[in-house]
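Observations on the three-dimensional arrangement
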Amino acid sequence: MVLWAGIVHADDVVAALDDLLPPVQTETEQVLPAEETEEESEDSGQNDEKTGEDKDAKEVDEEEVDEEEEPEPEPEPVKPEIEAPDEPLVSTLPTPQTADIQQQIQKLREALDNRQHVLDLSEQRLAFAESLLARLDNEYESFELRLEKAGLNLTDDYANLLRQRLDRLRSQTIASGLTQGISAQLSAAREEQLRLEEFEAVIEPDDEALGRMEAKRTQLLRQLHTTVTKHIEVLNEYYSVVIKLLRRLEQYQELLQQRLFWLPSTEAVDSSHLGDLYRGATWFISSLKWKSIKRAVERSMEERWPLIFLFIIILGWLWVRRRKIRRALIASGHPVGNVRQDRWQLTFWALLLSLLLALPGVILLGLAHLLLESGNSFLNALSRGFFNAAISALLLRGVYTVAYTKGLGERHFQWNKNTLTALRKYIPVLLAVLIPILIIMPTMNTTKGSPYSDSLGRLLFAIASIALAYFAQKFMSAVRKDQPGSRTLILVHIASVATPLILTVVSLWGYHYTAVQFEGLIFISICWVALVILIHYLGLRGLAVRERRIALKQAIEQREAERKHAEHREAAEISGDGLPPMLESPQRDIHDISQQSEALLKIVSVILAGVGLFMLWENIFPALKIFDEVTLWTIQTGAEGEPPIPINLWDVMLALGIGVATFLAARNLPGTLEITMLSRMNLEPGVGYAITTLATYIIVFIGIAATLAGLGFQWSKLQWLVAALGVGLGFGLQEIVANFVSGIILLFERPIRVGDTVSIGGITGTVSRIRIRATTLVDWDRKEQIIPNKSFVTQDLTNWTLSDPITRLIVRVGVAYGSDVDKVQDLLQQVAVENERVVDDPAPAVFCVELGESSIDFEIRAFVRDILDLMPLSHELHSAITRILRANDIEIPFPQRDIHIRSEFAPRGPAE
């Protein structure tokens, strides 16, 4: 509802930004004519006489001022008024295939006349725009020079003339949509130029003869094409001149605004203003006439009754439901701190409920604004005051409801209790003072109220400033109770209390315009900072909820990992194999995650607040733009005819800021990604590690590219360096890059995980660490094997536990010939089934596999849950088989061999 009302009254919202604090009425504005109703013109005699006397006195004083030290205003200042653009001209060209040559000539002649007329108008407008630009340039340069010579030594009258010129420049500007209209005309002219070229290509004359009609048609085509081409050139130049004129107008207004900000807008307060105070109060009370109010309400009801009734219905609903909304706000804080029930959505819901509780008073003020908007000038100004008061009430009441007992600030954000108590206690006091002042002050802009702007207006401004100083004193005292020795808080305390008081003195001294502008900007800046703080705490709440969830999840996973590790250790002790003390999972520490995410949130909040404050205060302090004027070096673009690109101090500061932001973002990104995204996706730790690593590399690359671009380095100058770097990576760092890419593949594809048992290259062990370059295996001897990641991607790999940790064990048993084969099978089946390490699914099986040389061979095929159970199960099965076969008189034979000894004797010789 509030958003819809803001859209409907968008112009009022913009105007209210300048009217949130008491408005300024300069002397020049006081004498401007304004519309008066019959009811306002009845009693103006006394006020006019007093005003005339004051003017005569001021004219005598101003004649005594030394005129040699102030610049002379331009006698006939430039009035930059350019009418809105015409609709684009679209000529109706003939169709060669359907129209005869006479019709074609007629159409071409009409198109040429129309285009020539439009060309003449464009040339006239171009000449006017060029003369206007030349005059405006001369006026701007002369005015700037005269202001530099005079400095701040200007009279009040001259300052009022400057304000009048600024108002004239703001009201008499270039027509909106002019550049878009010129662009549309350019597009239409280019399309017609293309159609003419195609038309001329289609109607080429025959080779036999060229008659008069064809020659006339050709002549008209060429003339029309020449005129269209010239029109395009004029429009291009016209567009360029208009852009320059717009920029010069912006510079002119900026120069006037900056100079006016530091000049007095009226005289200092003296005893003569006391009488004006009484007359102003009398005028205001006498202007509140019941008949005028009644007539304004009746007109408003006729014009905008649907919106008024909607406001009344919403107000009634909020009034009836206020207790339930309050209870719902308190109930939203009960789950806060409970890890299993706490949600960030509860905080957002509490924020919406707080805003609903703040709306009734805002809607009442909005209703008053709508009901009085159709009244006379006084009531219309009073209506604008109600609108300004509604905006301020929305801001302050929103803070008040956030500070409710057991509300958003106390339960969800855990804000300081002393601070919340001060907000609840003193915001109503501040509203009681500011709301009437904000309602009254726009009436000082009416014709009848302008004489009292310097007296009654400044008094109301002083009261509002004192109220702000009082609120700042009470609020900062409450903030400092927990940190009384903080120097930063002491400085903030002094500045927040002294600033409104100093601005009050400045206003009474005569610099009323400066004081109002300063206080308005300070008010808007405080609202912007408060909004950023609210967004920051909403982010902190979301991070805190996710951190607790992650901590709970990690605790459960850690407990489960410890249980499995204990089981593995027991199995390893039985089997005699080694086991790493604890597998290192690539899981981030919750403390690091919290610090990184909070640091990144603080950086974003500070940048957001700083950018907003810079945009608000940029036009006030010209010194903020000095960095654009300090050129450090220039860079040649390499293009022929193009000037070099200047690199100023602001570009270097921006590049350094981007570099620092890149470093901080890359450093704190993993924790933030873990909380905001990865923890919600139920990913394995390795995948999250890979995502954060790649995201960090991408941020670093983009940050380096943006930093170099800010310093003026172009891609055309750096591509050779990138190419050389690519060649170097391809030759000198080939293995490192291959292992790096393989590590990313392992983390994403996950053929191996931490805790898996794998065999590669004759090495079998448990994966304990997966890093970007290499993976660590711990074998059964507890030796750590560092294997490059490339080996896991390019070589054959056996993963014993990738998708199913169940592994098969085969035990061979031989019995003597003559044994009962069926009985042996039953006994071996019994041994396998009764062992606890053997799983039921798949079930164990016994087979007679071979008739050996000395035995009948059987195989027991059994499955175990974990690879570490293989050795203990083998031991238990062999022991049980030996016992059960001996008990059943079944022999396990020894290997039998037949040995044949054969002797050969050598024959005796003749000597024997």
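Note: the structure precedes this text.
Here's a quick rundown of the structure. (Residues numbered from 1 in each chain as written. Predicted model: local features only at pLDDT ≥ 70, side-chain atom pairs only at ≥ 80, totals over all residues. Heavy atoms only, no water.)

**Description of the packing of helix α14 (residues 417-440) against helix α15 (residues 453-479)**
Pairs of packed helices are described in terms of their axes, by the angle between the two and the distance that separates them. Axis separation between α14 and α15 bottoms out at 9 Å; the angle between their running directions is 175°. Considered as vectors, α14 and α15 are oriented roughly antiparallel to each other. Mapping the contact onto sequence places Asn 418, Thr 419, Ala 422, Leu 423, Tyr 426, Ile 427, Leu 430, Val 433, Leu 434, Ile 437 and Ile 440 in α14 and Leu 460, Ile 463, Ala 464, Ala 467, Leu 468, Tyr 470, Phe 471, Lys 474, Phe 475, Ala 478 and Val 479 in α15. Taken together, the residues that form the contact of α14 with α15 break down as 19 nonpolar, two polar and one charged. (Axes fitted to C-alpha atoms, helices over the stretch in contact; angles between N-to-C directions. Helix = DSSP H or I, 4+ residues; strand = E, 2+ residues; numbered from the N terminus. Parallel < 35°, antiparallel > 145°, perpendicular 65-115°, else oblique. Contact = heavy atoms within 4.5 Å. Nonpolar A, V, L, I, M, F, W, Y, C, P; charged D, E, K, R; others polar.)

**Details of the environment of Tyr 278**
Structurally, Tyr 278 is set in helix α9 (residues 272-287). Spatially, the C-alpha atom of Tyr 278 lies 8.5 Å from that of Leu 456, the residues being 178 residues apart in sequence.

**A word on the sheet that holds strand β8 (residues 807-815)**
The antiparallel open sheet is built from three strands, whose spatial order is β8-β10-β9. Looking at strand neighbours, the two that pair on one side only are β8 and β9 (845-851), the edges of this open sheet. Across the sheet, the mean angle separating the axes of adjacent strands is 25° when strand polarity is ignored. Bridge analysis of β9 against strand β10 (residues 856-864) gives six bridges, and the strand direction is antiparallel. Bridging from a neighbouring strand, Ala 845 pairs with Arg 861 of β10. Those strands touched by helix α25 (residues 870-887) are β8 and β10, and its axis lies near 25° from that of β8. (Pairing = 2+ DSSP bridges.)

**Brief notes about a nonpolar patch on the surface**
There is a patch of nonpolar side chains on the surface, built from Trp 344, Phe 348, Trp 349, Leu 352 and Leu 355 and spanning about 450 Å² of accessible area. You can see Trp 344 is positioned in helix α11 (residues 344-372). Relative accessible area serves as the criterion here: at 30%, Trp 344 is assigned to the partly exposed category. (Patch = residues over 30% accessible without salt bridge, like charges linked within 9 Å, V, L, I, M, F, W, Y side chains within 5 Å. Areas by Shrake-Rupley, 256 points an atom, 1.4 Å probe, with all protein chains shown as cover. Salt bridge = Lys/Arg side-chain N within 4 Å of Asp/Glu carboxyl O. Buried < 20%, exposed > 50% of the residue type's maximum accessible area, 1.4 Å probe, protein only.)

**Considering the sheet that holds strand β7 (residues 798-799)**
Pairing within the open sheet is antiparallel, and its five strands lie in the order β6-β5-β4-β3-β7. Edge positions in the sheet fall to β6 (784-788) and β7, since each of these pairs with one other strand and no more. The pairing of strand β3 (residues 757-760) with β7 spans two bridges and is classified as antiparallel. The residue bridging Ser 759 from the neighbouring strand is Thr 798, located in β7.

**A word on the packing of aromatic side chains**
Under the defined criterion, the tally for this structure stands at twelve aromatic pairs. Arranged with centres 5.8 Å apart and planes meeting at 20°, the rings of Trp 344 and Phe 348 form a pair that is stacked. On the criterion of helical spacing, the pair formed by Trp 344 and Phe 348 is a turn pair, its members being four residues apart in helix α11. Taken together, the aromatic side chains of Trp 283, Phe 284, Phe 378 and Tyr 452 make up a single cluster linked through ring pairs. The ring of Trp 319 has Arg 322 sitting right over it, with the charged end atom 3.9 Å from the ring centre. A cation over a ring is seen here: Arg 326 above Tyr 404, with NZ or CZ 4.5 Å from the ring centre. (Phe/Tyr/Trp six-rings, centres within 6.5 Å; stacked < 30°, edge-to-face > 60°. Lys NZ or Arg CZ within 6 Å of the ring centre and 35° of its normal.)

**Quick word on the pattern of salt bridges**
This structure, assessed with the given rule, holds seven salt bridges. Residue Asp 137 is joined to Arg 248 by a salt bridge in which the shortest nitrogen-to-oxygen separation is 2.7 Å. Highlighted residues: Asp 137 in helix α5 (residues 101-150) and Arg 248 in helix α8 (residues 212-261), separated in sequence by 111 residues. The residues Asp 137 and Arg 248 share a single accessibility class, namely buried. Between Arg 304 and Glu 303 there is a salt bridge, with its nearest N and O atoms 3.2 Å apart.

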